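Given next are the chains, with one letter for each unit.
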Amino acid sequence: MSVVSVSMPEELVDRIDQFAEDHGYTGRSEVLREASRNLLGEFEDKKLEGRDLMGVVTVVFDYETTSVEEKMMHLRHEHEDIVASNFHSHVGGHHCMELFVLEGSLEEISTFVGKIRATKDTLTIDYSVLPVDDFGPLADMD
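Calculation rules
- Residues numbered from 1 in each chain as written.
- Predicted model: local features only at pLDDT ≥ 70, side-chain atom pairs only at ≥ 80, totals over all residues.
- Heavy atoms only, no water.
- Helix = DSSP H or I, 4+ residues; strand = E, 2+ residues; numbered from the N terminus.
- Buried < 20%, exposed > 50% of the residue type's maximum accessible area, 1.4 Å probe, protein only.
- Contact = heavy atoms within 4.5 Å.
- Lys, Arg positive; Asp, Glu negative; His and termini not counted.
- Charge placed at Lys NZ, Arg CZ, Asp CG, Glu CD.
- UniProt positions renumbered as here; feature names shortened; annotations may be inferred.
- Pairing = 2+ DSSP bridges.
- Axes fitted to C-alpha atoms, helices over the stretch in contact; angles between N-to-C directions.
- Domains from an automatic or database assignment.

1. A short note on the overall build of the protein chain
Check the secondary structure of the protein chain and you find four helices and four strands. From first element to last, N terminus to C terminus, the protein chain shows the α and β order α-α-β-α-β-β-α-β. Taken over the C-alpha atoms alone, the protein chain extends approximately 55 × 40 × 25 Å along its principal axes. For the protein chain, buried positions account for 24% of its 142 residues. Sequence-distant contacts, at least 24 apart, represent 68% of the contacts inside the protein chain between residues at least 6 apart. Charge centroids of the protein chain, computed over 12 positive and 30 negative side chains, lie 6 Å from each other.

See below:
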């Protein structure tokens, strides 16, 4: 097995170590291997390939100490072909939330989410992907 050196804030290392202890992992390497497999597999769902998809992405960041809001604006414009809607809101004392509604292919949405994840200083990123070509009973309505 290869050894990989990764730089991360001490607070994150402490959280990983605590997570490993709380959930019975043998150590941080096992946690990071599982997290990496999960991250890499998120957009490899064969049931989503070749379908029209909707994605919802939520990003939270501290607006007082970062330039995340400006980076979100650039991403919105860079991917205007798939950004169907964008909502900005203030949350708490000094946080902002960006919500993106996307329409596109699996590759387009995963590229957008990857760029959001690569944005430094985001606090949380959450997303979901749903096929829009089959809404169950709604699909039968004319």
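Back to the text.
2. Here we look at the UniProt feature "domain: Transcription factor NikR nickel binding C-terminal" (unreviewed entry) in the protein chain
Within this structure's numbering, the places UniProt gives as "domain: Transcription factor NikR nickel binding C-terminal" (unreviewed entry) are residues 54-129. Helix makes up 30% of residues 54-129 and strand 47%, with an end-to-end C-alpha separation of 6 Å.

3. Looking at the sheet that holds strand β2 (residues 83-91)
Read across the open sheet, the four strands follow the order β2-β3-β1-β4; overall the sheet is antiparallel. Both edges of this open sheet fall to β2 and β4 (122-131), since each of them pairs with a single strand only. The mean inter-strand angle of the sheet, taken between neighbouring strand axes irrespective of direction, is 10°. Note that strand β1 (residues 53-62) and β4 share nine bridges and pair antiparallel. Directly across from Gly 55, in β4, lies its bridge partner Val 129. Its contacts with the sheet put helix α3 (residues 68-78) on β1, β2, β3 (95-104) and β4, and the angle it makes with β3 is roughly 10°. Packed on one face of the sheet, helix α4 (residues 106-117) meets β1, β2, β3 and β4 and runs near 5° to β1.

4. A closer look at the domain arrangement of the protein chain
The domains assigned to the protein chain are domain 1 (10-41) and domain 2 (53-132). Inter-centroid distance (C-alpha atoms) of domain 1 to domain 2 is 25 Å.

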